Amino acid sequence: MRVLLVEDSPRLLRDLTFALEKRGFAVDACSDGTDALWMARDVPYDVILLDIMLPGTDGLSVLRALRQKDIQIPVLMLTAKGEVEDRVTGLEAGADDYLTKPFAVSELLARVDALVRRGYRDKNPIIALGDLEIHTGERTVSRGGVEQSLTPREYRLLEFLARRRGKTSSKSEIETHLYDDESYVLSNTVESTVSALRRKLWSGESDCPLRTQRGHGYLIVNPE
Amino acid sequence: MMDQAAKRPKNGLGNRVTRIVVLALGVLILLGGFFVHAAIKELLVSQFDQALLTKAQTLTRFAEAGRSGINLHFTEEPLPEFQGGDDSEYYQVWFKDGSVLARSPSLELDQELPRRSQPNKHAEFRSLELPDGRAGRAVSLRLSAQDGVDNEGFIVDLTLARSSEGLNQILRKLVWGFLAGGLSLLILTLLVVRRATRSALRPVDLLAAEVAGIDAESLESRISVDSLPVDLQPIASQINGLVKRLGATFARERRFASNAAHELLTPVSELRIASDNALDWPDDPRATSGLAKEACELAEQMEHVVRSLLALSRAEAHLTPVNSEHFDLGNLLKELLDSFQAEISSRNLRFTCELPKEFPLNSDRVIVRSILSNLLLNAIEYSADATPLKLSGRIDSEMIELTIENRPDEVTREDLEHFCEAFWRKDSARSSREHTGLGLALSLAFVRLLKGELNFEIEEEAIVVTTLRLPKNH
């Protein structure tokens, strides 16, 4: 999943990016409201983490501009302003959630996960594909109760396709959602990751749910 | 608002005015009625008495005294009113020695009229009960009669009495008339005054309703002054002024709370996130390296904010001790400017200085140094590059005055109002970590502690003029 982090504190920007990447998110970071507006318009992020007090365009103005353009990306507001009226203002401006500083990293990550699930209309943190279970909270995968060992890149691709099960995602779509601007993506990264997933999870099975739609992309079919 | 105007409280102005007017009018009507009634009664009684006296005097002209009594000859027929029956009148005549000389036929033998008792009065009037039980009025006279036989004169007392029922009835009707008239007048007055006060006080009711509608959420609203009567306009203007100041105070308090939260909670948040990462991923050098150094820097940053806040709080409460000493302000300024020289040079500021050769000051050197340091540093750091920066000073009889002129980027007149507001910064995003927004607030608190003044003005070409005045001898 790809998130946009907008925070003008260099330390917070750096440390939150670290924590989100460790969690398996692809993170684009900026420290200016005007830049954030441009980036959010161009990239279909899964979640935007938005500080309120920003140079350039402030966070609330960025949020209102996004909603006016009907950009419905879930937004988590971050700020030191914790009064009730500040929270109400943020939520009424279109924020999906609000977190006041200081906060624990674990709480931030849990709220981001919840917003991602909401974006895919998935209330259950466990995605089940037959006997395969993807535990989105812990970032683990099990098959028949046995935990499977996947790399972060493999896990992200599996979760992305599982959330869109039944729908075909193109290669460029996959790359946009899974890799941030800083990532170096080879032309066959997606193909090799798909291959690795099939090998690790459905080796030797004729009816692998992870299918290639030639010329269109990849999908995971709904289990029967 | 209309409902509030319609619901008039019992102790409201309108009801009070109505009560006072009706009460006053009631008292006036009562007193007036009383006196008028008394005057009319006196007049009527006087007229009655005069008629009674006239009749008594008329009777005496037709009296012929004889040894057997007085004979009254008015006509060939005896006077019918003295014969008894309905509406009888009565008379009785006494000799000087008190023996009865004559009595009217209407008077029974065992019935007596009162005799004259006040020798100094020519005619004596009194109210009495007539022998037939009716209320009456009598006049008693002393007169001289002539013996028809001997032609000798002698003194007799005459009392004539007649019914006063008619008079009393008139007087009763008069009283009822006054009461009915007075009551009607009072009721009419009540209605008229009530209506009049309601109409006259309507602007007051509307003003009261508008003022009652002002609360913490509506401090931007103002009462419309022009639509009010002239005598209420000063009140409305004052209220508008008070609400405006209250709104500004509330806004300032909200800004303070919000900015203080940002200044204090942001470094705490940075420390927490960095610590969480280090705890969750202790083996990742990106999470752990430099953590100690950053924690130290953040702690220093928070310490600076907290100390500044405490200093501000103490200065505003006049708890900061002031230790005065003699020193030369010029030397202190030179010392500060030397320390800021690098900054001045790096910004290419065209610095000029005009100070008196001797610039003595008797004040707290440490506090003055803090004030000047804040003001100079502020002027230097916020001046646009390559702009003039001027420092000048003068002394008068009581005060020293120091002026700093600089040209900052994008400062407006509205910004000047907030210069000394705690935590206020021109950059609303508060991006820079070198400033907390407490420097000028602290300077102002210190200046006031030293009984001085600090002012900011914008002159032509966007030059900000900072004027500091301090007592020469604190």
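Everything below is about the structure shown above.
These numbers were taken from a predicted model, which means no experiment stands behind them.

S.K.: An account of the overall build of chain A is requested, with residue identities and associated values reported.
M.R.: When you go through chain A residue by residue, the secondary structure sums to eight helices and eleven strands. The burial tally for chain A puts 53% of its 224 residues in the buried class. Accessible surface, chain A as shown: approximately 10,100 Å² in total, 46% of it carbon and sulfur.

S.K.: Talk me through the packing of helix α1 (residues 10–23) of chain A against helix α4 (residues 233–280) of chain B; I want residue IDs and the actual numbers.
M.R.: Running from amino to carboxyl end, α1 of chain A crosses α4 of chain B at an angle of 30°, the nearest separation of the two axes being 9 Å. Taken together, the axes of α1 of chain A and α4 of chain B are roughly parallel relative to one another. Every pair of crossing elements has a handedness; the one defined by α1 of chain A and α4 of chain B is left-handed. Here R11, L12, D15, L16, F18 and A19 of chain A of α1 of chain A lie close against α4 of chain B, whose contacting residues are S269, E270, I273, A274 and N277 of chain B.

S.K.: Describe helix α11 (residues 439–449) of chain B, with residues and values.
M.R.: With nine of its eleven residues buried, α11 of chain B lies for the most part within the structure. Residue K451 of chain B follows α11 of chain B closely and has a positive phi angle near 65°.

S.K.: Can you break down helix α6 (residues 291–316) of chain B residue by residue, with the values?
M.R.: With 26 residues, α6 of chain B extends 37 Å from end C-alpha to end C-alpha; this agrees with the ideal 38 Å at 1.5 Å per step. Following α6 of chain B by one or two positions, H318 of chain B has its phi on the positive side, about 55°.

S.K.: Report on the interface of chain B and chain A, specifying residues and quantitative values.
M.R.: Many structure descriptions define interface size as the accessible area lost when the parts assemble. Listed per partner, the contact involves 27 residues of chain B and 21 residues of chain A. Approximately 2,200 Å² of surface area, both sides summed, lies buried where chain B meets chain A, with 58% of it carried by carbon and sulfur atoms. Ranking the residues of chain B by area buried against chain A places I273, W281 and E294 of chain B at the top, with a combined share of 23%. Taken together, the connections running from chain B to chain A amount to six salt bridges. Elements that contribute at least two residues to the side of chain B that touches chain A include exactly α4, α5 (285–288) and α6 of chain B. For the side of chain B that touches chain A, the element with the most residues is α4 of chain B, which contributes 14 residues. Class assignment of the residues belonging to the side of chain B that touches chain A gives a composition of nine nonpolar, nine polar and nine charged.

S.K.: With reference to specific residues and values, describe the packing of helix α7 (residues 329–339) of chain B against helix α9 (residues 365–382) of chain B.
M.R.: All names here are of chain B. Axis separation between α7 and α9 bottoms out at 10 Å; the angle between their running directions is 45°. Classified by the interaxial angle, the pair formed by α7 and α9 is oblique. For the crossing formed where α7 meets α9, the hand is right-handed. Of α9, the residues touching α7 (which contributes L329, L332, L333, E335, L336 and L337) are R365, V368, R369, L372, S373 and L376. Along the lines of polarity and charge, the residues of the contact of α7 with α9 split into eight nonpolar, one polar and three charged.

Rules behind the numbers
Residues numbered from 1 in each chain as written. Chains lettered and ligands numbered in written order. Predicted model: local features only at pLDDT ≥ 70, side-chain atom pairs only at ≥ 80, totals over all residues. Heavy atoms only, no water. Helix = DSSP H or I, 4+ residues; strand = E, 2+ residues; numbered from the N terminus. Buried < 20%, exposed > 50% of the residue type's maximum accessible area, 1.4 Å probe, protein only. Areas by Shrake-Rupley, 256 points an atom, 1.4 Å probe, with all protein chains shown as cover. Axes fitted to C-alpha atoms, helices over the stretch in contact; angles between N-to-C directions. Parallel < 35°, antiparallel > 145°, perpendicular 65-115°, else oblique. Left-handed = near helix turned anticlockwise from the far one by under 90°. Contact = heavy atoms within 4.5 Å. Expected span 1.5 Å × (residues − 1). Buried area = accessible area lost by both parts, 1.4 Å probe. Salt bridge = Lys/Arg side-chain N within 4 Å of Asp/Glu carboxyl O. Nonpolar A, V, L, I, M, F, W, Y, C, P; charged D, E, K, R; others polar.

The analysis is restricted to geometry; functional conclusions fall outside its scope.
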